[in-house]
Amino acid sequence: MNCRQRMSRSLTICLTMLAVLLPVLLAPATASAQNELTYSQYRTLAWAAHRMDHLAMFEPLQGESGMLLALGERFGTVQVFKHDGDSVKRVWKSIHLSGIPEELLVADLDSDGFDDALLCRTSGSKVYVWGLENFDLIWESLSGEYQSIVGFTTANMDDSPEQEIVLLADNHITYVDGVTFNRKFTTTGEYTATIVRCGDVDGDGRVEIVLNSGQVVDSVTGEIEWEDEPFFSRIELLDIDGDGMPEILTEGEISGALKVFDVDFRSEVRFQ
């Protein structure tokens, strides 16, 4: 057998071995990849969760693949589904709640840098809080404690490290401690908003309360710092000019213009 024949035979053996081993070597990576959401799947989940009050998306706590989606359905339960690249399965269902779920939030109530709680506001004017570890019920507001809760969010409203649950309840703004769940503060003034967001919108070093009724409220005194005409039905806070202070973005529920307000300058931003 000459040199060329020996080289050809060796190459044939190598290719044969590679053909046998390659599927084995690639099998774990392929299986792992199938369990991950594609970019399109992730974007679809994130878009739905952002646009709909009845949905909330969060990552599995143990670092496994996929994403979790909490859904508040009209028959009175909250359900959590695990989505990965291959399938969707339900991993938890709540008991029947007092009222229909109207808004879901995932929050880091103890401010350790990791989401730890799933919150639900219902048409029965109750708030429920479950831990994300095993979805055990941590707290629920008392029946009849509030006649009406039309909106809520979470934020750090004072010098304590934990977050507060901020409620628009019975035409007042109320803070509930995110760890002890004791009521900490209720404004004396009345407000008729339906959406509340919290952030330091004027750069004074403390959080303000922004209402879609067009009012910016001091978080310590509960008094109005600034107000304009009522905002549109939806509001969000976002720093769009990079000055370290979020602006107020407001838009209609279905259609209409976008308005941007800079509270530091007490005016609407006019882009030139």
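Thresholds, definitions, all that
- All residue numbers refer to position in the chain's written sequence, counted from 1.
- Given that the model is predicted, a residue must reach a pLDDT of at least 70 before its local features are reported, and side-chain atom pairs must reach 80 or more before they are shown or counted; all residues, however, enter totals for whole chains, interfaces and linings.
- Hydrogens and waters are ignored; side-chain quantities use all the structure's heavy atoms.
- Strand pairing requires that DSSP identify at least two bridges connecting the strands.
- Strands are runs of DSSP state E lasting at least two residues, helices are runs of H or I lasting at least four, and both sets are numbered from the N terminus onward.
- Summary of the metric used: pLDDT quantifies the predictor's per-residue confidence within the range 0 to 100.
- Contact between two residues is taken to exist if any of their heavy atoms lie within 4.5 Å; hydrogens are not considered.
- Between buried and exposed lies partly exposed: a residue is buried under 20% and exposed over 50% of the maximum accessible area for its type, with that area taken using a 1.4 Å probe on protein chains only.
- In the cavity and pocket records, a cavity denotes points on a 1 Å grid over the protein atoms alone where a 1.4 Å probe fits but cannot get out, a pocket denotes an open set with protein on both sides within 12 Å along at least 5 of 7 lines, and lining residues are residues with an atom within 4 Å of a point.
- Grid points are joined across faces, edges and corners, and a volume is the space filled by probe spheres set on the points.
- Charged means Asp, Glu, Lys or Arg here, nonpolar means Ala, Val, Leu, Ile, Met, Phe, Trp, Tyr, Cys or Pro, and polar covers whatever is left, Gly included.

Asker: Any chance you could explain the pairing of strand β4 (residues 88-93) here in plain terms?
Answerer: Sheet topology note: the strand β3 (residues 77-83)/β4 ladder contains 5 bridges and is antiparallel. The residue bridging His 83 from the neighbouring strand is Val 88, located in β4. Hairpin remark: β3 followed by β4, antiparallel, with 4 residues in the connecting loop.

Asker: How should I be thinking about the confidence of the model for the protein chain in this particular structure?
Answerer: The predicted structure's coordinates, where accompanied by low pLDDT, should not be read in detail. Within the protein chain, residue pLDDT values average 88, and 88% of them lie at 70 or more. The low-confidence segment residues 2-33, where pLDDT is below 50, has 3 contacts with residues more than four positions distant or belonging to other chains.

Asker: In this structure, what is going on with unusual backbone geometry? I would like to understand it.
Answerer: Note: most peptide bonds trans; most residues except glycine with negative phi. In this structure, Ser 111 takes a positive phi of about 55° despite not being glycine. Within the element layout of this structure, Ser 111 appears in the loop between β5 (101-107) and β6 (117-122). Phi is positive for Phe 135, close to 60°, though the residue is something other than glycine. Positionally, Phe 135 belongs in the loop between β7 (127-131) and β8 (137-140). Overall, the relative accessible area of 12% leaves Phe 135 in the buried class.

Asker: What should I look at first to understand the layout of surface pockets in this one?
Answerer: Any space left empty among the atoms is revealed by the rolling of a water-sized probe across them. The computed volume of the largest pocket comes to approximately 880 Å³. In terms of lining, the largest pocket is formed by 34 residues, of which the most central are His 50, Asp 53, Leu 105, Arg 197 and Glu 236. Elements with a contribution of two residues or more to the lining of the largest pocket: α2 (39-51), β1 (55-58), β5, β9 (149-155), β13 (196-199), β17 (234-238) and β18 (247-251). By residue class, the composition of the lining of the largest pocket is 18 nonpolar, 7 polar and 9 charged.

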